[in-house]
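The residues making up each chain are set out below.
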Amino acid sequence: MPIRIYNSLSNSKEDFEPIEPGKIGMYLCGPTVYKPSHIGHAVGPVIFDAIKRYLTTFHGFDVTWVVNITDVEDKLIAEANVQGIGVFELAERVEQNYHDALAALAVTGVDHFPKASENIAEIIEMIETLIESEYAYVVGGDVYFSVTQDDDYGKLSNRNPDDQAGHRELASGPKKHPGDFALWKQARENEPDDVKYGSPWGKGRPGWHIECSAMSKRILGDTFDIHGGGLDLMFPHHENEIAQSESCTHKPFAKYWVHHGLTRFNTKKVSKSDPEMQAALTAMTLSNLLQEYSGELLRFFILSTQYRRPIEYSPEELANKKKGLNSFHRLFKRVNELGVGDVYDAPSAADAATFHLEPDGLCDEAVELSNSVADARDRFQAAMDDDFNTAVATAVLFELTNDVNRFIESKGLESSDDGAAKTFAFNSARALVSLGQSLGIFLAAPESASGGDALVGQLIDTLLEVRTTCRAEKCFDIADTVRDQLSGLGVTVEDKPTGATWSIEKASDELQENLIQAHIQTRTACKTAKNFALSDMIRDRLATIGVALKDRPGGTDWELT
């Protein structure tokens, strides 16, 4: 089956055929680096990183992916002025914030991050070509693209050039048509010197649209395969890119236009320029989100929606996705505890043998699981080949998770010596992991309390020991309170025949202190219930791991010994 892509240029799904067999050029519009990146800025990079991983793994394409950085623009100049710093000092700081966020989100596939400031010569050359062919004209020190000279202007968005009327008038005078847009902007006296570039038309800087055309042309050529970006960029930005690029080269600009849905909060588009969004955006900046949530969770949240649909952001949605992601992590922890190997060390999904498991000599349940693994691979690929439907692909992963769990339970593997069955379960789970890794998830075990966080692990183990004792003594209220406390701190507890196990989605700096407070609260509940033996047990257990409790008239203090 061929890969099918929804092409915004034709408003239909088309068979994907790269311009050069075996190779793909892909361009994604990146950020204007004047304010910290928010969750909306993560959507495009995560989606296209997953697309590149998939195309490389399942189809063997050699993909060159470009994401531009706009570091010369009106908003940057204005924000730098507000902060009282240089334009490029601000740009470098915000760009680093963006790169740090992409690293946390496992966005590793970008091959080039060209900056507008580093491509001024290419931009000027392109503008000169447009002027010579009369697609552009000079007014004083400004240069405009003439939309009326481009016969098929508006073919991407089906919008009228007049819709651009009202955009910023430049210093030199009126445009010939309200829809004409700036290719070069004359410098103003009050603007900093470092954004005043020399040109045949005087000191100035490029317009926003021409940057992407010049940078994509330099790296990917006159025509490339896939151009991506948010729906909000279709007009005027992408429309203007097409107009100026094709008028310059007289060749098609991009073969497939892939637009992702916008991120919404309370049904409104997430935008740095919306005053009502400012308070919400503080919580939605990636640096703040990544302090509270793992990068894997944010990536999983984005990929759980088909890319053309809007993404509804809310803490409640993230909590729901966290539960889903934890179900995978619990399975992988369960499989690793079988002692066969590390499930995260999975073979590539490109290796067909990963999904062809031999259940010879095992039970009927193994045959069923073998069929499920092979079927999951086929359905996963079918979903991704159908316009990169990551929502359906992740649903396939959930189903396979249930199948592997069911096999482990049916065979009682956690208390069994059946090495062959354990190995079969392990290989089935590794097949699941390999599919996830082709989307950039399940790359490693989630952060847990170990090494430097050893005390956190001991504190959790102690609370679970208290819970077990409470249940044995039928003190169910206190036992339930312990579990609720752990859940509230982001610790997931799973009861198994061999005992309770736990996992942490992401350890926080406050977790150690909060766990000690949970012990103190549990001890107070034991005293209230007149279970003084259990109260003393909590104090003694804490003492053995280096936490001393001191009861005072106003409550209980603690210190690390």
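Residues numbered from 1 in each chain as written. Predicted model: local features only at pLDDT ≥ 70, side-chain atom pairs only at ≥ 80, totals over all residues. Heavy atoms only, no water.

Caption draft 1: Focus on the sheet that holds strand 3 (residues 23-28). A sheet is described by the order of its strands in space; here 4 strands give the open sequence 4-3-9-10, paired in parallel fashion. Here the strands that pair on one side only, and so sit at the sheet edges, are strand 4 (62-67) and strand 10 (254-260). Across this sheet, the average inter-strand angle for adjacent strands is 20 degrees, counted without regard to direction. Pairing geometry for strand 9 (residues 224-230) and strand 10, over 6 bridges, is parallel. Following the sheet pairing, Ile 226 is matched in strand 10 by Tyr 256. Against the sheet, helix 5 (residues 208-220) engages strand 3, strand 4 and strand 9, with an angle of about 160 degrees to strand 3. (Pairing = 2+ DSSP bridges. Helix = DSSP H or I, 4+ residues; strand = E, 2+ residues; numbered from the N terminus. Axes fitted to C-alpha atoms, helices over the stretch in contact; angles between N-to-C directions. Contact = heavy atoms within 4.5 Å.)

Caption draft 2: Up close: the sheet that holds strand 6 (residues 142-145). An order of 5-6-7-8 is seen for the 4 strands of this open sheet, with the pairing classed as antiparallel. A strand with exactly one partner marks an edge of an open sheet, and here the two such strands are strand 5 (136-139) and strand 8 (204-206). The mean angle between the axes of side-by-side strands here comes to 20 degrees, regardless of whether they run parallel or antiparallel. Pairing of strand 6 with strand 7 (residues 181-186), which is carried by 3 bridges, proceeds in the antiparallel orientation. Counted as the bridge partner of Phe 145 is Phe 181 from strand 7. Each of strand 5, strand 6, strand 7 and strand 8 is contacted by helix 4 (residues 120-132), which is oriented at about 120 degrees to strand 7, the strand it contacts most.

Caption draft 3: Molecular detail of the packing of helix 12 (residues 390-411) against helix 13 (residues 419-437). At their nearest, the axes of helix 12 and helix 13 sit 10 Å apart, and the two run at 170 degrees to each other. If you check the angle between helix 12 and helix 13, you find them roughly antiparallel. Along its contact with helix 12, which presents Leu 397, Leu 400, Thr 401, Val 404, Phe 407, Ile 408 and Lys 411, the element helix 13 presents Ala 421, Phe 424, Ala 425, Ser 428, Ala 429, Leu 432, Leu 435 and Gly 436. Here the contact of helix 12 with helix 13 is built from residues that sort into 11 nonpolar, 3 polar and 1 charged. (Parallel < 35°, antiparallel > 145°, perpendicular 65-115°, else oblique. Nonpolar A, V, L, I, M, F, W, Y, C, P; charged D, E, K, R; others polar.)

Caption draft 4: The packing of aromatic side chains, seen in detail. Applying the stated criterion to the full structure yields 20 aromatic pairs. The interplanar angle of 45 degrees and the centroid separation of 6.0 Å between the aromatic rings of Phe 265 and Tyr 313 together place this pair among those described as tilted. Of this pair, Phe 265 sits in strand 11 (residues 263-265) while Tyr 313 sits in the loop between strand 13 (311-312) and helix 10 (315-336), and the two are 48 residues apart along the sequence. An aromatic cluster of three or more residues is present, and its members are Phe 300, Phe 328, Phe 332, Tyr 344, Phe 398 and Phe 442. Over the ring of Tyr 137 we find Lys 176; its NZ or CZ atom is 4.4 Å from the centre of that ring. The residue whose ring lies beneath Arg 308 is Tyr 6, and the NZ or CZ to ring-centre distance is 4.2 Å. (Phe/Tyr/Trp six-rings, centres within 6.5 Å; stacked < 30°, edge-to-face > 60°. Lys NZ or Arg CZ within 6 Å of the ring centre and 35° of its normal.)

Fair warning: the whole summary comes from geometry, so function is off the table for now.
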